[in-house]
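# Overview (structure and organization)
Below are the chains, spelled out letter by letter.
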Amino acid sequence: MSAARRCRPSRALAGLFVWRLRSTGVRQIPYRFVHLYHTANNRLITFQYFNFLKRMYVTQCNKDLSQRAKAKSDSIVSPFHELQQLDQEKKVVHKISPVSPVHQSWSETSSRNELREIKSAAETEDSVIPVGAESKEDRQWKEMKLRLDDLPGILARLSKIKLTALVVSTTSAGFAMAPVPFELTCFLLASLGTGLASCAANSINQFFEVPFDSNMNRTKNRPLVRGQISPLLAVCFAASCGVPGIALLTLGVNPLTGALGAFNIFLYTCCYTPLKRMSIANTWVGAVVGAIPPIMGWTAATGSLDSGALLLGGILYSWQFPHFNALSWGLREDYSRGGYCMMSVTHPGLCRRVALRHCLALIGLSTVAPVLDITTWTFPIISLPINLYISYLGFQFYRDANRSSSRKLFFCSLWHLPMLLLVMFTCKKSVLEKEDKSDLPGRSHERAMEIRLP
Amino acid sequence: PPAHSHSDWIGPPDKHSNLRPIIFYVPPEESALERRLREARQEAQASNQRFWARHNRAFRQEKEEFIYSRLKAKGLEMRDESGQKATLNAEEMADFYKDFLSKNLKKHLQYNRDWYKRNFRITFLMGQVALVKALRWLRRRKKNVEQ
């Protein structure tokens, strides 16, 4: 899975930390650098979004390759975590193959060195913009005029399109796990609606956070920060995505899903975003934001909020904590300076305890799944190894809480979720099986009819 | 920015505040509404710049002081034999980050409130200006069509 691919490069050390391009003597290809930097940033951002996806559930995202099944969450990746995924970097580096050997070693060593420098010294250079390819473009004055050909790219970055994609994939997972026959139109409408709502929420989030984003390394290249788009346009875009998105969900799918979508947008933009700067409770709110998209996928399929939906939401909710707490452990300096209230800065002990607690909760929730008739009993058995592994890393993080354990936990969480969802899907209790178990012949007959219908 | 330009120009991030300064274009026939918008944006820019420059400077300074005091307590000098600046590891710095965040929390809450108010006001004014411009353009087109 792409997530696994992305997670594997353990050199992802830099991923967690500030990504800086150090310009060396390779002046002859400045554009490549700029491109590398920008793509790196984009990928980093999306990857981060990916991770934060859960947090920023904007309800609609559907399953993403990596983490969630359709979930609209822009979540986490968003503002919260300014971790820069090294994997993303690596991926980018790999992509630009002709120049890559130079870039790779350069970026790795430079970022590693940079990280060390950043972490240790109170160098004043730290707060100055990183020199390098980006500075060439950055140091120039730019006209604040909107160019139509740039617009798609700008809007993609504004809506955090990759994060949105992840959220949508989480929602798809919720939809797929629902014990009803698969309907393609409903699935597509739910995915689209979730995606639109996610775009809207992400745009509003960026609209609110301009001065803070400019001060944090991960987010300082966002469109609003760079003046590529006016705030008015960002708000209009958000409205033009959000309103049709919610309308699509309410009218095209069902009112419950639409309500959940609207609630999630509200939760993300009006609760989570301001709360990030006020109290550490934002982490729990963000986890709920992340948990809602799969619930939305489920309600889109079944039209009702039953225990299966809540279980899926619960799994995603619990997953958020090891994921985010591990991530935020490496960003403490940026959070402290930027004024973000995160557990990793203010209550480090709590941060570690909560991460471990929720790793263990995942084991418990996986065991509950067959009890609620969502999956067969093979699911807790098959998922036990990966759940135990993440709990083991969670325990290491709890005990040691250093850079390496936090990174290991974080990267594990990246592949853990997609794999868990995949295993869950393969262990899904088929509707036919459930029918056999059903006592009421009438009901099973009815369900049999449902299956036969196109 | 060139003298003949008719749009705003945005520059590289400031060294202290990390914010990008904007040079606003003043059109010759600027309406009262447009002037209000421009002044609101200029004021917000100045206020943000002041806040973040001061805040970041304080952060850097306090960080240096913290490192110095900790190194002193450990009996080390600021620079080691090779001339490199001595540093503390992440766990030791964590105390500083926690302290700094809690000290500045109130300041941030106040700033957040201000920033949100300003942001909404500027965006609302932008909306008004855009609406007026659109109406004017429509009226001009109608006149051209009639002629």
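- Chain B carries the name APOP1 protein in an unreviewed UniProt entry, which gives Dicrurus megarhynchus as its organism.
- Listed in UniProt under the heading Subcellular location (unreviewed entry), the comment for chain B reads: "Mitochondrion inner membrane".
- The annotation that UniProt attaches to chain B under Sequence similarities (unreviewed entry) is "Belongs to the COA8 family."

- Chain A goes by Protoheme IX farnesyltransferase, mitochondrial in an unreviewed UniProt entry, where it is assigned to Dicrurus megarhynchus.
- Under the UniProt heading Subcellular location (unreviewed entry), the entry covering chain A gives this text: "Mitochondrion membrane".

## Looking at the overall build of chain A
- Looking only at helices and strands, chain A has 21 helices and one strand in total.
- Per-residue burial for chain A yields a buried fraction of 64% across its 454 residues.
- Look at the contacts in chain A between residues 6 or more apart in sequence, and 80% of them connect residues 24 or more apart.
- Summed over its atoms, the accessible surface of chain A is roughly 15600 Å², and 66% of this surface lies on carbon and sulfur atoms.

## Observations regarding the nonpolar core
Residues and elements named next belong to chain A.
- One finds W298, F379 and M424 to be the most contacted residues of the largest nonpolar core, which totals 43 residues.
- Top element by residues in this core is helix α13 (residues 282–302). It accounts for eight residues.
- Judged by nonpolar contacts, the second largest core, of 40 residues, contains I154, C199, F208 and A234.

## Concerning the packing of aromatic side chains
- Within this structure, the stated rule accounts for 27 aromatic pairs over all chains.
- Ring centres of A:Y335 and A:Y340 lie 6.1 Å apart, and the angle between their planes is 75°; this geometry places the pair in the edge-to-face category. Just as A:Y335 is buried, A:Y340 falls in that class too.
- Ring plane angle 75° and centroid distance 4.8 Å describe the contact between B:F59 and B:F100, whose orientation is recorded as edge-to-face. Here B:F100 lies in helix α2 (residues 90–146) and B:F59 lies in helix α1 (residues 32–74), a separation of 41 residues in the sequence. You'll find B:F59 and B:F100 in the same group, each marked buried.
- One aromatic cluster in this structure is built from A:F212, A:Y335, A:Y340, B:F51, B:W52 and B:Y111.
- A:R277 extends its terminal NZ or CZ atom over the ring of A:Y340, reaching a point 4.9 Å from the ring centre.

## Thoughts on the interface of chain B and chain A
- In this complex, chain B contributes 50 residues to the contact, which on the side of chain A involves 51 residues.
- Around 4500 Å² of area is buried between chain B and chain A when both sides are counted, 62% of it from carbon and sulfur atoms.
- In this structure, B:K63 and A:E333 form a salt bridge, with 2.7 Å as the shortest nitrogen-oxygen distance.
- At the junction of chain B and chain A, the tally comes to 16 residue pairs in polar contact (both at pLDDT 80 or more).
- At the level of secondary structure, the elements contributing two or more residues to the side of chain B that touches chain A comprise β1 (9–10), β2 (22–23), α1 and α2 of chain B.
- The element contributing the most residues to the side of chain B that touches chain A is α2(B), with 21 residues.
- Bridge analysis of strand β1 (residues 142–143) of chain A against β1(B) gives two bridges, and the strand direction is antiparallel. Residue A:K142 lies in a different strand from β1(B), and its bridge partner there is B:I10.

## Quick notes on the domain arrangement of chain A
Residue and element names in this part refer to chain A.
- Structurally, chain A comprises domain 1 (148–289) and domain 2 (306–431).
- Centre-to-centre separation of domain 1 and domain 2, based on C-alpha positions: 22 Å.
- Taken together, the contact between domain 1 and domain 2 spans 24 residues of the former and 27 residues of the latter.
- Carbon and sulfur atoms supply 68% of the area that domain 1 and domain 2 bury against each other, a total of about 2100 Å² over both sides.
- Our count for the contact surface shared by domain 1 and domain 2 stands at zero salt bridges.
- Between the two partners, domain 1 and domain 2, sit seven residue pairs in polar contact (both at pLDDT 80 or more).
- Residue assignment for the side of domain 1 that touches domain 2 shows that the elements contributing at least two residues are α8 (161–177), α10 (210–215) and α13.
- Class assignment of the residues belonging to the side of domain 1 that touches domain 2 gives a composition of 13 nonpolar, seven polar and four charged.

## Some remarks on unusual backbone geometry
Residue and element names in this part refer to chain A.
- In this model, K160 sits at a positive phi of 50°, which is unusual for a non-glycine residue.
- Tracing the chain through its elements places K160 in the loop between α7 (151–158) and α8.
- Of note in the backbone geometry, A401 takes a positive phi value of approximately 50° without being a glycine.
- Tracing the backbone through its elements, the reader meets A401 in the loop between α18 (378–400) and α19 (403–426).

## Re helix α12 (residues 255–275) of chain A
- Its 21 residues give α12(A) an end-to-end C-alpha distance of 28 Å, which sits within 8% of 30 Å, the value for a rise of 1.5 Å per residue.
- Along α12(A), the residues classified as buried are A:T257, A:G258, A:L260, A:G261, A:N264, A:I265, A:L267, A:Y268, A:T269, A:Y272, A:T273 and A:P274.
- Looking at the buried positions of α12(A), the neighbouring elements they touch are α9 (184–208), α11 (231–253) and α13 of chain A together with α2 of chain B.

## Details of α13(A)
All names here are of chain A.
- Here α13 spans 30 Å end to end across 21 residues, near enough to the 30 Å set by a 1.5 Å rise per residue.
- Of all bends in α13, the biggest is about 25°, found at I292, and the proline P293 comes one to four residues later.
- With 18 of 21 residues buried, α13 is to be regarded as a mostly interior element.
- At the exit of α13 stands G303, carrying a positive phi of roughly 80°.

## Here we look at the environment of A:P223
Residues and elements named next belong to chain A.
- Relative to the helices and strands, P223 resides in the loop between α10 and α11.
- Considered as a pair, P223 and F425 are 202 residues apart in the sequence and their alpha carbons are 38 Å apart.
- Setting aside chain neighbours within four positions, we find P223 in contact with I154, R157, L158, Q206, Q228 and I229.

## Some details on the UniProt feature "transmembrane region" (unreviewed entry) in chain A
- Within this structure's numbering, the places UniProt gives as "transmembrane region" (unreviewed entry) are residues 229–250, 256–275, 378–397 and 409–426 of chain A.
- Overall, residues 409–426 of chain A shows 100% helix and 0% strand. The separation of its end C-alpha atoms is 25 Å.

## Comments concerning the confidence of the model for chain B
- Put simply, chain B has an average pLDDT of 87, and 93% of its residues get 70 or more.
- Among the prediction metrics, the complex's ipTM stands at 0.88, with pTM recorded as 0.72.

Rules of the game
- Residues numbered from 1 in each chain as written.
- Chains lettered and ligands numbered in written order.
- Predicted model: local features only at pLDDT ≥ 70, side-chain atom pairs only at ≥ 80, totals over all residues.
- Heavy atoms only, no water.
- UniProt positions renumbered as here; feature names shortened; annotations may be inferred.
- Helix = DSSP H or I, 4+ residues; strand = E, 2+ residues; numbered from the N terminus.
- Buried < 20%, exposed > 50% of the residue type's maximum accessible area, 1.4 Å probe, protein only.
- Contact = heavy atoms within 4.5 Å.
- Areas by Shrake-Rupley, 256 points an atom, 1.4 Å probe, with all protein chains shown as cover.
- Core = buried A, V, L, I, M, F, W, Y, C linked by side-chain atoms within 4.5 Å.
- Phe/Tyr/Trp six-rings, centres within 6.5 Å; stacked < 30°, edge-to-face > 60°.
- Lys NZ or Arg CZ within 6 Å of the ring centre and 35° of its normal.
- Buried area = accessible area lost by both parts, 1.4 Å probe.
- Salt bridge = Lys/Arg side-chain N within 4 Å of Asp/Glu carboxyl O.
- Polar contact = N/O pair within 3.5 Å; in protein donor to acceptor, adjacent residues only side chain to side chain.
- Pairing = 2+ DSSP bridges.
- Domains from an automatic or database assignment.
- Nonpolar A, V, L, I, M, F, W, Y, C, P; charged D, E, K, R; others polar.
- Expected span 1.5 Å × (residues − 1).
- Bend = angle between axes of the 7 residues up to and from the residue.
- pLDDT = per-residue confidence, 0-100.

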